[in-house]
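Breakdown of the fold
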Amino acid sequence: MTISMASWWLIYGLRQIEKNASLASVQIVRGERMLHWEGLSLILLILGGGLSLLYYSLREFRRNKDLKEFFATLTHELKTPLASLRLQVESLQEDLANTEHSRLMERLAGDAGRLELQLENALFLASLGDSDQFHIENLDLREISVQLQSHWPEIEIEVPEKYMVKADTRALEGVLKNLIQNARVHGHATKIKMIATKEKTQIHLRVEDNGDGFSGDTGGLGQLFKRHTSHSGSGVGLYLAKTLTEKMQGKIEFESKAKNGFTARLTLRGAL
């Protein structure tokens, strides 16, 4: 568009000179020469600038792609030893139960779980644009909920048997883990409930807690790297919960009142 406008400016200027043929011939020649050189120089500069922007944009795109691949590889490599570390911590936690070191092991297990979740979130962020990373299958919602309860005993589950949903295993676990972690860390919740109901071909899952809640606009929740208060997190957890749910063709809504807990309502596709 810019090059077209510059070309039109050149053509228009030359036509104006032709119309002013009554002027002295020397002035016409000078004006025509000026328009030729200035117009061509402007067009060449615009073209050169456009090509430079294209080159640097492509180079930045390749750099970001390489950085994402490196980040994904690094995160994946760190997950294996971290999972092993967490298993050893949980084993020690059982061995040292009812001793003076039990509280220390409980904090260590919590920190290991939180670090594992952050690495999982980083891996999700690096692979959100890759549709091959999501494998939709029929999943038992209660089975996944019980697995999460083994890591967070404070969760109360009200999910009937054989509530099957169409979802990706890692993505669904990531959504629920981030909602639970958000309730525990930022909401300081001591109780978390997971309640599931069925409506025609949809499964509605409500995750609610008794934490501090959120006093701001819940419509702004789920935006990446948006901090609502000085004490809030980076927004990655709720952003991934929202994005991953949408990737599974579901939706999620947040409800909260200050000091009255926080509620996340998930709507997932039911499996026949």
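Above this text is the structure in question.
What counts, and at which threshold
- Residues numbered from 1 in each chain as written.
- Predicted model: local features only at pLDDT ≥ 70, side-chain atom pairs only at ≥ 80, totals over all residues.
- Heavy atoms only, no water.
- Core = buried A, V, L, I, M, F, W, Y, C linked by side-chain atoms within 4.5 Å.
- Buried < 20%, exposed > 50% of the residue type's maximum accessible area, 1.4 Å probe, protein only.
- Helix = DSSP H or I, 4+ residues; strand = E, 2+ residues; numbered from the N terminus.
- Contact = heavy atoms within 4.5 Å.
- Phe/Tyr/Trp six-rings, centres within 6.5 Å; stacked < 30°, edge-to-face > 60°.
- Axes fitted to C-alpha atoms, helices over the stretch in contact; angles between N-to-C directions.
- Parallel < 35°, antiparallel > 145°, perpendicular 65-115°, else oblique.
- Left-handed = near helix turned anticlockwise from the far one by under 90°.
- Nonpolar A, V, L, I, M, F, W, Y, C, P; charged D, E, K, R; others polar.
- Pairing = 2+ DSSP bridges.
- Salt bridge = Lys/Arg side-chain N within 4 Å of Asp/Glu carboxyl O.
- Lys, Arg positive; Asp, Glu negative; His and termini not counted.
- 1 Å grid on protein atoms, 1.4 Å probe; cavity = no way out; pocket = protein on both sides within 12 Å on 5 of 7 lines; lining within 4 Å.
- Points joined across faces, edges and corners; volume = space filled by probe spheres on them.

1. A look at the nonpolar core
Ranked by size, the top nonpolar core spans 42 residues in total, and within it Leu172, Leu179 and Leu205 carry the most contacts. The dominant element in this core, judged by the number of residues it contributes, is helix α5 (residues 169–185), at 7 residues. Apart from residues lying up to four places away in sequence, Leu205 is in contact with Leu141, Val159, Leu176, Met194, Ile195, Ala196, Ala264, Arg265 and Leu266.

2. Overview of the packing of aromatic side chains
Any aromatic ring pair is given by two values, namely how distant the centres are and how the planes are angled relative to each other. Counting across every chain of the model gives 2 aromatic pairs. Centroid distance Tyr55 to Tyr56: 5.1 Å. Interplanar angle 70°. Geometry classified as edge-to-face. Looking at Tyr55, the relative accessible area reads 48%, which means it is partly exposed.

3. Here's the deal with the packing of helix α3 (residues 102–127) against helix α6 (residues 236–247)
With their axes 11 Å apart at the nearest point, α3 and α6 run at an angle of 50° to one another. Classified by the angle between their axes, α3 and α6 sit oblique to one another. The chirality of how α3 crosses α6 is left-handed. Between α3 and α6, the contacting residues are Asn121, Phe124 and Leu125 on the first element and Val236, Gly237, Tyr239, Leu240 and Leu244 on the second. Among the residues making up the contact of α3 with α6, the classes are represented as 6 nonpolar, 2 polar and no charged.

4. A few points about the sheet that holds strand β4 (residues 192–199)
Read across the open sheet, the 5 strands follow the order β2-β4-β5-β7-β6; overall the sheet is mixed. Each edge of the open sheet carries a strand with a single partner, namely β2 (155–158) and β6 (251–256). Each strand of the sheet is rotated relative to its neighbour by a mean of 15°, with strand direction disregarded. Strands β2, β4 and β5 (202–209) of the sheet are contacted by helix α4 (residues 141–151), whose axis makes an angle of about 165° with β2. Set on the sheet, α5 makes contact with β2, β4, β5, β6 and β7 (262–269); between it and β7 the angle comes to about 175°.

5. Describing the pattern of salt bridges
Per the counting criterion, the structure on display carries 3 salt bridges. Two residues, Arg63 and Glu60, come together in a salt bridge whose shortest N-O distance is 3.4 Å. Taken as a pair, Arg63 and Glu60 lie in helix α2 (residues 25–95) at a separation of 3 residues, close to a single helical turn. Residue Glu60 is classed as partly exposed on the basis of its relative accessible area of 39%. Between Glu208 and Arg206 there is a salt bridge, with the nearest N and O atoms lying 3.0 Å from each other.

6. Some thoughts on the side chain of Asp209
Within the fold, Asp209 resides in strand β5. Here Asp209 occupies a buried position and makes no salt bridge, while the nearest side chain of opposite charge, Arg184, is found at 10 Å. In this structure Asp209 touches Ala183, Ala189, Lys191, Ile192, Gly261 and Phe262, once residues within four positions along its chain are discounted.

7. Considering the packing of α5 against α6
For the pair α5 and α6, the least separation of the axes is 9 Å and the interaxial angle reads 150°. It follows that α5 is roughly antiparallel to α6 by the angle criterion. As for how α5 packs across α6, the hand of that crossing is left-handed. Of α6, the residues touching α5 (which contributes Ala171, Val175, Asn178, Leu179 and Asn182) are Gly237, Leu238, Leu240, Ala241, Leu244 and Thr245. Grouping the constituent residues of the contact of α5 with α6 by class yields 7 nonpolar, 4 polar and no charged.

8. Notes on empty space enclosed by the protein
Counted under the stated rule, the structure contains 1 cavity of 30 Å³ or more. If you trace the largest cavity, you find it lined by Leu179, Asn182, Ala183, Ile192, Val207, Glu208, Asp209, Phe262 and Ala264. If you list the elements that add at least two residues to the lining of the largest cavity, you get α5, β5 and β7. The residue inventory of the lining of the largest cavity, partitioned by class, reads 6 nonpolar, 1 polar and 2 charged.

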